[in-house]
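Remarks on the overall topology
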Amino acid sequence: MTCIIIDDDESSRLIIKQLCKKYSLTVKKEFSSAIEAIKYLNTKKVALVFLDIHLPTFSGFDFIKTINNSPKIIITTSDKNYALEAFEYKSVIDYLVKPITQDRFKKFLEKINANTVKISKNKSHLQKENFIFINVEKRLTKILISDILLIEAKGDYINIKTDEKNYTVYATLKKIKDKLPESLFLRIHRSFIINTSEIIDIEDNSVLIRKYVIPVSKTYKSELINRLNLL
């Protein structure tokens, strides 16, 4: 898997480069400037970008907003305070806090590999019936199953959240759960069903999907743990 490193601190670039080498990631180029990295990506393609937030002149977030057809981005920063903002961007797949340890880097790679396997396994399910129709304001709206991040129950309604839009539908969680592939979706709370391939992080009794922090109830926690590709 190919990658580039964008960080104005030389020692940080060296640490990431060494970790990449240890785990067979190919570093194609390293940059101290986000602008120079953008010029490179205008003509070259890589799978991953290790990106610091605090860069001179042009920040990491400026980079994300500017780049077209962005590779998957891993934020690497000593600042813990921007995680929620970072995950609002679809291209951001992980948030590594410096100093980056070997164990944390290894977990990031395991998550990447696990998601790749899940996607390939789920293609067979999605090829036959990869969408559902929902009734929104007396109109039938088509939604791709793979676009669904999570579903939340709100009284007699459910709220279906996707990257682009949220849909409020008169239905129950049980009804929509029956229409979704079990290999991809899991109920983790009486009010929530999640797309397990979109899990970013799990801490205590909650999971992070994009910018959403979702509670995990004791009833469903063991099933969630069993679904994970744990070391």
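Residue indices begin from 1 for each chain and proceed along its sequence in written order. Predicted model: local features are reported for residues with pLDDT of at least 70 only, side-chain atom pairs are reported and counted for 80 or more only, and whole-chain, interface and lining totals are derived from all residues. Calculation of side-chain values draws on the structure's entire complement of heavy atoms; hydrogens and water are dropped beforehand.

**What to know about the sheet that holds strand S3 (residues 48-51)**
To keep it simple, the criterion reads: Strands pair, by our definition, only if DSSP identifies at least two bridges between them. In DSSP terms, a helix is any run of H or I states spanning at least four residues, a strand is any run of E spanning at least two, and both are numbered starting from the N terminus. Each axis is a line fitted through C-alpha atoms, and for a helix only the stretch in contact is used; angles between axes span 0 to 180 degrees, taken between their N-to-C directions. Any two residues whose heavy atoms approach within 4.5 Å are treated as being in contact.
Pairing within the open sheet is parallel, and its five strands lie in the order S2-S1-S3-S4-S5. A strand with exactly one partner marks an edge of an open sheet, and here the two such strands are strand S2 (26-31) and strand S5 (92-97). Sheet twist, expressed as the average angle between the axes of neighbouring strands with direction ignored, equals 20°. Bridge analysis of strand S1 (residues 2-6) against S3 gives four bridges, and the strand direction is parallel. When the bridges of S3 are listed, Ile4 appears paired with Val49. Where helix H1 (residues 10-22) meets the sheet, it contacts S1, S2, S3 and strand S4 (72-77), and its direction lies at approximately 170° from that of S2.

**Focus: the sheet that holds strand S14 (residues 206-209)**
Reading across from one edge, S13-S14-S15 is the order of the three strands in this open sheet, with antiparallel pairing throughout. Where the open sheet ends on each side, the last strands, each with one partner, are strand S13 (199-203) and strand S15 (212-215). For this sheet the average axis-to-axis angle between neighbouring strands, irrespective of direction, equals 25°. One ladder, built from four bridges, connects S13 with S14; its direction is antiparallel.

**What about H1?**
Just so we agree on the cut-off: Here the expected length of a helix is defined as 1.5 Å per residue gap, with one fewer gap than residues. Here's how the labels work: a residue is buried when its accessible area is under 20% of the maximum for its type, exposed when over 50%, partly exposed in between, all with a 1.4 Å probe on protein chains only. Here, the arc refers to the directions that run from the helix axis to the C-beta atoms.
If you check H1, its first and last C-alpha atoms are 18 Å apart, about what 13 residues at 1.5 Å a residue would give, namely 18 Å. Considered for burial, the residues of H1 that qualify are Ser12, Arg13, Ile16, Leu19 and Cys20. The buried side chains of H1 occupy one side of the element, clustering within an arc of 130° when seen end-on. Looking at H1, the residues exposed on the side facing more than 90 degrees away from the buried face are Glu10 and Lys21. Downstream of H1 by a residue or two, Ser24 has a phi angle that is positive, lying close to 65°.

**What to know about the nonpolar core**
This is how the line gets drawn: Residues belong to one nonpolar core when they are buried, are Ala, Val, Leu, Ile, Met, Phe, Trp, Tyr or Cys, and are joined through side-chain atoms within 4.5 Å.
Ile4, Ile6, Val49, Leu51, Phe63, Ile64 and Ile75 are the most contacted members of the largest nonpolar core, which has 26 residues in total. Those elements that provide at least two residues to this core are S1, helix H2 (34-41), S3, helix H3 (60-66), S4 and S5. Top contributing element to this core by residue count: H2, with five residues. Excluding residues that lie within four positions of it along the chain, Phe63 makes contacts with Ile6, Ala34, Ala37, Ile38, Leu41, Val49, Leu51, Phe58 and Ile73. Counting residues in each nonpolar core, the second largest holds 17 residues, with Ile160, Val169, Leu180 and Phe185 among its members.

Worth remembering: the numbers are spatial, not functional.
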